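Topology and contacts: notes
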Amino acid sequence: MNLTLWHQTKFLPIKSGAIALILLMAATRFHHFGDTLSLPDASLAVFFLAGFWSGGIVLFVTLLLEAGVIDYLAITQFGVSDFCISPAYVFLIPTYAAVWFGGRFSATFSTHALTHLPAKILVLVASISLAFLISNGSFYLLSDKYPDTNWLEYSSRFMQYYPPYLQYSVIYVALIYLSTHLVRQITGLNSESVWPKI
């Protein structure tokens, strides 16, 4: 194999699709639920789509590092609250792995068959739900922000935060998937030219 080609495919998985996901996370990660001036955080959708389009482990690690750098800059340079930084922060790794692997699993279904759409949606919702349980549950138990932990309080917080957590992620995935599908149909591009297979 040509050394240059091997280097490009093994160590530099940056293609237009990966760059778009990196930019989307950079543009939205500063605010979880958005406000009048910012979009809601797209990180879960970014990791799901990176897995779905087989971005590879290098892209997964790149996105993890990007998330950490953005959080650091948001807190130290832009005055974003550090409320969410706690011993539970490390649980964002399995949180994002859950949606990334959900994307990988969803990709095993036929890409264009409408009969597989319900299964893909189920995998998307299940992986986002698992991610929520990991991140929210670990924060609730390990952050010391809730000294009187009990199931009643946790269930009320679950009902408060889970619906937007799921809603924004599903909307992002649906819009991005449909947009890229439409662009591929119009241009004739396939995912191989946009997404690395590593």
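Residues numbered from 1 in each chain as written. Predicted model: local features only at pLDDT ≥ 70, side-chain atom pairs only at ≥ 80, totals over all residues. Heavy atoms only, no water.

Concerning the overall build of the protein
Short version of the rule: Under the DSSP-based scheme used, a helix requires at least four consecutive residues in state H or I and a strand at least two consecutive residues in state E, with every element numbered from the N terminus. Burial classes: relative accessible area under 20% of the type maximum marks a residue as buried, over 50% as exposed, and values in between as partly exposed (1.4 Å probe, protein chains only). We call two residues in contact whenever any of their non-hydrogen atoms come within 4.5 Å of each other. Accessible surface area values rest on a Shrake-Rupley calculation with a 1.4 Å probe, where residue burial reflects the displayed protein chains alone.
Across its full length, the protein holds seven helices and zero strands. Helices and strands appear in the protein in the N-to-C order α-α-α-α-α-α-α. Looking at the 198 residues of the protein, the share that counts as buried comes to 38%. Counting contacts in the protein only where the partners sit at least 6 residues apart, residues at least 24 apart contribute 73% of the total. With an accessible surface of roughly 11,300 Å², the protein has 71% of that area assigned to carbon and sulfur atoms.

Digging into the pattern of salt bridges
What counts here: Between Lys or Arg on one side and Asp or Glu on the other, a salt bridge is scored when a side-chain nitrogen of the former is within 4 Å of a carboxyl oxygen of the latter.
Per the counting criterion, the structure on display carries two salt bridges. A salt bridge links aspartate 41 to arginine 29; the nearest nitrogen and oxygen atoms lie 3.9 Å apart. Separated by twelve residues along the polypeptide, aspartate 41 in the loop between α2 (16–28) and α3 (43–52) and arginine 29 in the loop between α2 and α3 bring together distant segments of the chain. Each member of the pair, aspartate 41 as well as arginine 29, is classed as buried.

Description of the packing of α3 against helix α5 (residues 92–106)
What counts is decided by this rule: Inter-axis angles, ranging from 0 to 180 degrees, are taken between N-to-C directions of lines fitted to C-alpha atoms, where helices are fitted over the stretch in contact. Between 65 and 115 degrees an angle is taken as roughly perpendicular, under 35 as roughly parallel, over 145 as roughly antiparallel, and anywhere else as oblique. Left-handed describes a crossing whose near helix is turned anticlockwise from the far helix by less than a right angle; the clockwise case is right-handed. Ten residue types, Ala, Val, Leu, Ile, Met, Phe, Trp, Tyr, Cys and Pro, are classed as nonpolar, four, Asp, Glu, Lys and Arg, as charged, and the remainder, Gly among them, as polar.
Closest axis-to-axis distance for the α3/α5 pair is 6 Å, and the angle between their directions is 40 degrees. The angle between α3 and α5 falls in the class oblique. Seen from above, α3 lies across α5 with right-handed handedness. Touching Ser43, Leu44, Phe47, Phe48, Ala50, Gly51 and Phe52 of α3 are Thr95, Tyr96, Val99, Trp100, Gly102, Gly103, Arg104 and Ser106, all from α5. Within the contact of α3 with α5, the residues separate by chemical class into eight nonpolar, six polar and one charged.

Describing the packing of aromatic side chains
Stated formally: In this analysis, rings of Phe, Tyr and Trp, with Trp reduced to its six-membered ring, are considered paired at centre separations within 6.5 Å, and the interplanar angle assigns stacked below 30 degrees, edge-to-face beyond 60, and tilted for intermediate values.
The tally for this structure, following the rule as stated, stands at 14 aromatic pairs. Measuring from ring centre to ring centre gives 6.4 Å for tyrosine 154 and phenylalanine 158, while their planes differ by 50 degrees; the resulting arrangement is tilted. One end of the pair is tyrosine 154 and the other is phenylalanine 158, both in helix α7 (residues 151–187) and four residues apart, which spans about a single turn. With a relative accessible area of 10%, tyrosine 154 lands in the buried category. Measuring from centroid to centroid gives 4.9 Å for phenylalanine 158 and tyrosine 162, while their planes differ by 15 degrees, and the two rings are stacked. One end of the pair, phenylalanine 158, and the other, tyrosine 162, are both in helix α7, four residues apart, so they sit about a helical turn from each other. Look at phenylalanine 158 and you get partly exposed, because its relative accessible area is 22%. Connected via pairs of aromatic rings, a cluster forms that spans Phe132, Tyr140, Tyr154, Phe158, Tyr162 and Tyr165.

Some words on α3
The element α3 is extensively covered by neighbouring structure, given that ten of its ten residues are classed as buried. Taken together, the buried positions of α3 are Ser43, Leu44, Ala45, Val46, Phe47, Phe48, Leu49, Ala50, Gly51 and Phe52. Turning to α3, the residues buried within the fold contact α2, α4 (56–77), α5, α6 (117–142) and α7.

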